[in-house]
Amino acid sequence: MQQQQQQRRMFTAALLALVFILAAVSTTEAGKKEKPEKKAKKSDCGEWQWSVCVPTSGDCGLGTREGTRTGAECKQTTKTQKCKIPCNWKKQFGGK
């Protein structure tokens, strides 16, 4: 009889611990869900608009292109990106 009471106490203690852990996890999850909304409100920057790739030398190979975007609070509104023009592009359009 005493052993059954001890088992019930252990079971009750384990159940209470589980409930406590689940409550702690659910409040942590609720805090994480609020953060993405704040980030969405901060960004008023537009999408990047890219120019065509301009080769560094010749008419193919490595080059650069310029990107711009608009927005009053954008940290960066212009940037340069490396790009590559394939050397067989003329053949695809009927050139020699």
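Bear in mind the structure is a predicted one, so any value in this text is a computation, not a measurement. (Residues numbered from 1 in each chain as written. Predicted model: local features only at pLDDT ≥ 70, side-chain atom pairs only at ≥ 80, totals over all residues. Heavy atoms only, no water.)

**Q** What should I look at first to understand the overall build of the protein chain in this one?
**A** Regarding its fold elements, the protein chain presents two helices and four strands. When the helices and strands of the protein chain are read in sequence order from the N terminus, they spell out α-β-β-β-β-α. Of all 96 residues assigned to the protein chain, the portion counted as buried reaches 6%. Partitioning the intrachain contacts of the protein chain with sequence separation of at least 6 by distance along the chain shows that 39% fall at a separation of at least 24. In the form shown here, the protein chain has an accessible surface area of approximately 8800 Å², with 58% of it arising from carbon and sulfur atoms. (Helix = DSSP H or I, 4+ residues; strand = E, 2+ residues; numbered from the N terminus. Buried < 20%, exposed > 50% of the residue type's maximum accessible area, 1.4 Å probe, protein only. Contact = heavy atoms within 4.5 Å. Areas by Shrake-Rupley, 256 points an atom, 1.4 Å probe, with all protein chains shown as cover.)

**Q** Teacher, can you tell me more about the state of the cysteines here?
**A** Should the sulfur atoms of two cysteines be covalently bonded, the bond is a disulfide. The final tally for this structure, using the stated rule, is three disulfides. The side chain of C53 participates in a disulfide bridge whose partner is C83; the two sulfur atoms lie 1.9 Å from each other. Its S-S torsion of approximately 90° makes the covalent link between C53 and C83 right-handed. On the criterion of sequence distance, the pair formed by C53 in the loop between β1 (49–50) and β2 (54–55) and C83 in strand β4 (residues 78–85) is long-range, its members being 30 residues apart. A relative accessible area of 14% places C83 in the buried class. The disulfide that involves C60 links it to C87, with 2.2 Å between the sulfurs. Here the S-S torsion is close to 85°, and the disulfide linking C60 with C87 is therefore right-handed. (Disulfide = S-S within 2.5 Å.)

**Q** Please explain the environment of T80 as it appears in this structure.
**A** You can see T80 is positioned in strand β4. Sequence separation of T80 and T68 is 12 residues, and the distance between their C-alpha atoms is 9.0 Å.

**Q** Looking at this structure, how should I read the environment of R69?
**A** Here R69 is to be found in the loop between β3 (61–68) and β4. For the pair R69 and W50, spaced 19 residues apart in sequence, the C-alpha separation works out to 9.1 Å. The residues touching R69, leaving out its near neighbours within four places in the chain, are C45, G46, E47, W48, C74, Q76 and T77. Polar side-chain contacts of R69 include one of 2.9 Å to the backbone oxygen of Q76. (Polar contact = N/O pair within 3.5 Å; in protein donor to acceptor, adjacent residues only side chain to side chain.)

**Q** Any chance you could explain the packing of aromatic side chains here in plain terms?
**A** Tallied over the full model, the rule gives one aromatic pair. Above the plane of the ring of W50 lies R65, whose end atom (NZ or CZ) is 4.6 Å from the centre. We note K79 situated over the ring of W48; from NZ or CZ to the ring centre the distance is 4.5 Å. (Phe/Tyr/Trp six-rings, centres within 6.5 Å; stacked < 30°, edge-to-face > 60°. Lys NZ or Arg CZ within 6 Å of the ring centre and 35° of its normal.)

Worth remembering: the numbers are spatial, not functional.
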